[in-house]
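A closer look at the structure
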Amino acid sequence: MEYVYAALILNETGEEISEDNITGVLEAAGVDVEESRVKALVAALEDVDIDEAVAEAAAVPAGGAAAGGAAGGDESADESGDDEDEDVEETSDVPDTSDDDEDEEASGEGLGDLFG
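We now turn to the structure provided with this report.

The rules behind the values
- Residues numbered from 1 in each chain as written.
- Predicted model: local features only at pLDDT ≥ 70, side-chain atom pairs only at ≥ 80, totals over all residues.
- Heavy atoms only, no water.
- Axes fitted to C-alpha atoms, helices over the stretch in contact; angles between N-to-C directions.
- Helix = DSSP H or I, 4+ residues; strand = E, 2+ residues; numbered from the N terminus.
- Parallel < 35°, antiparallel > 145°, perpendicular 65-115°, else oblique.
- Left-handed = near helix turned anticlockwise from the far one by under 90°.
- Contact = heavy atoms within 4.5 Å.
- Nonpolar A, V, L, I, M, F, W, Y, C, P; charged D, E, K, R; others polar.
- Salt bridge = Lys/Arg side-chain N within 4 Å of Asp/Glu carboxyl O.
- Buried < 20%, exposed > 50% of the residue type's maximum accessible area, 1.4 Å probe, protein only.
- 1 Å grid on protein atoms, 1.4 Å probe; cavity = no way out; pocket = protein on both sides within 12 Å on 5 of 7 lines; lining within 4 Å.
- Points joined across faces, edges and corners; volume = space filled by probe spheres on them.
- Core = buried A, V, L, I, M, F, W, Y, C linked by side-chain atoms within 4.5 Å.
- Arc of directions from axis to C-beta.

This part is about the packing of helix α2 (residues 19-28) against helix α3 (residues 35-44). It is the contact of α2 with α3, at a shortest axis distance of 9 Å, that shows an interaxial angle of 125°. It follows from the interaxial angle that α2 and α3 lie oblique. Judged by the sense of rotation from one axis to the other, the crossing of α2 with α3 is right-handed. Residues Glu 19, Ile 22, Thr 23 and Leu 26 of α2 form the contact with α3, whose participating residues are Val 38, Lys 39, Leu 41 and Val 42. Taken together, the residues of the contact of α2 with α3 break down into 5 nonpolar, 1 polar and 2 charged.

Quick look at the pattern of salt bridges now. Evaluated as defined, the whole model comprises 1 salt bridge. Between Glu 34 and Arg 37 there is a salt bridge whose closest N-O contact spans 3.7 Å. Exposure remark for Arg 37: the relative accessible area of 18% places this residue in the buried category.

In this approach the atoms are scanned with a rolling probe the size of a water molecule, which exposes any empty space left behind. Looking at the largest pocket, its volume works out to about 180 Å³. In terms of lining residues, the largest pocket is bounded by 11 residues, among which Val 4, Leu 8, Leu 45, Val 48 and Ile 50 are the most central. Where the lining of the largest pocket is concerned, the elements lending two or more residues are α1 (2-12), α3 and α4 (50-59). A breakdown of the residues in the lining of the largest pocket according to their chemical character gives 11 nonpolar, no polar and no charged.

Relative to the elements of secondary structure, Val 38 occurs in helix α3. On the accessibility criterion, Val 38 (2% relative accessible area) is buried. C-alpha of Val 38 to C-alpha of Ala 7: the two residues are 31 residues apart in sequence and 9.7 Å apart in space. Setting aside anything within four residues of it in sequence, one finds Val 38 in contact with Tyr 3, Glu 19, Ile 22, Thr 23, Leu 26 and Val 33.

Let us look at the nonpolar core. In terms of nonpolar packing, the biggest core is built from 9 residues, these being Tyr 3, Ala 6, Ala 7, Leu 10, Ile 22, Leu 26, Val 38, Leu 41 and Val 42. If you list the elements that add at least two residues to this core, you get α1, α2 and α3. The element contributing the most residues to this core is α1, with 4 residues.

This brings us to α1. Among all positions of α1, only Tyr 3, Ala 6, Ala 7 and Leu 10 are buried. Each buried residue of α1 lies within a common arc of 100° when the element is viewed along its axis, so the set occupies one face. Phi turns positive one or two residues past the end of α1, at Gly 14, with a value near 80°.

Right, let's talk about the packing of α1 against α3 for a bit. Two elements in contact, α1 and α3, have axes separated by 10 Å at closest approach and are oriented at 50°. In this view, α1 runs oblique relative to α3, as classed from their interaxial angle. Note on packing geometry: the crossing formed by α1 with α3 is right-handed. Residue-level contacts link Tyr 3, Val 4 and Ala 7 of α1 to Arg 37, Val 38 and Leu 41 of α3. For the contact of α1 with α3, a count of residues per class yields 5 nonpolar, no polar and 1 charged.

This is how it looks when you write it as C-alpha cells:
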C-alpha cells in the first residue's frame, strides 16, 4: 500500500509519477524500496487518470453490490414456490466462514505482492 500512497501523494502535489519520485517519497517515509515494485507501479499507472479513478471509487456506494444481490434473490424465490423449503433448509445451518477469510486473503494477495 505504501507504493500506492506514494503515487497518490505525488499526484496530489502535482509532481510527475516517476520511478525516482516514488522512490524518493518511499525512502523519506522510511520504506525499504523494491525497484521491481516501483517499476510495476509506474507501468500500471502510465495510462491512468488518478483523479478520475479516485472520483469514480468515491462515487460507488459501498453497499451497492449487496443490495443488487438481495434484489436478485427475491425474484428467484417468487418464481418457484417449491424451492423455498429447500432454501430454508440450506440457509438454516450456521455457515462456516473460515474459508471466506482465506478467499479474501487470496484475492488481495496479488495486489499486496505488487504494491506492498
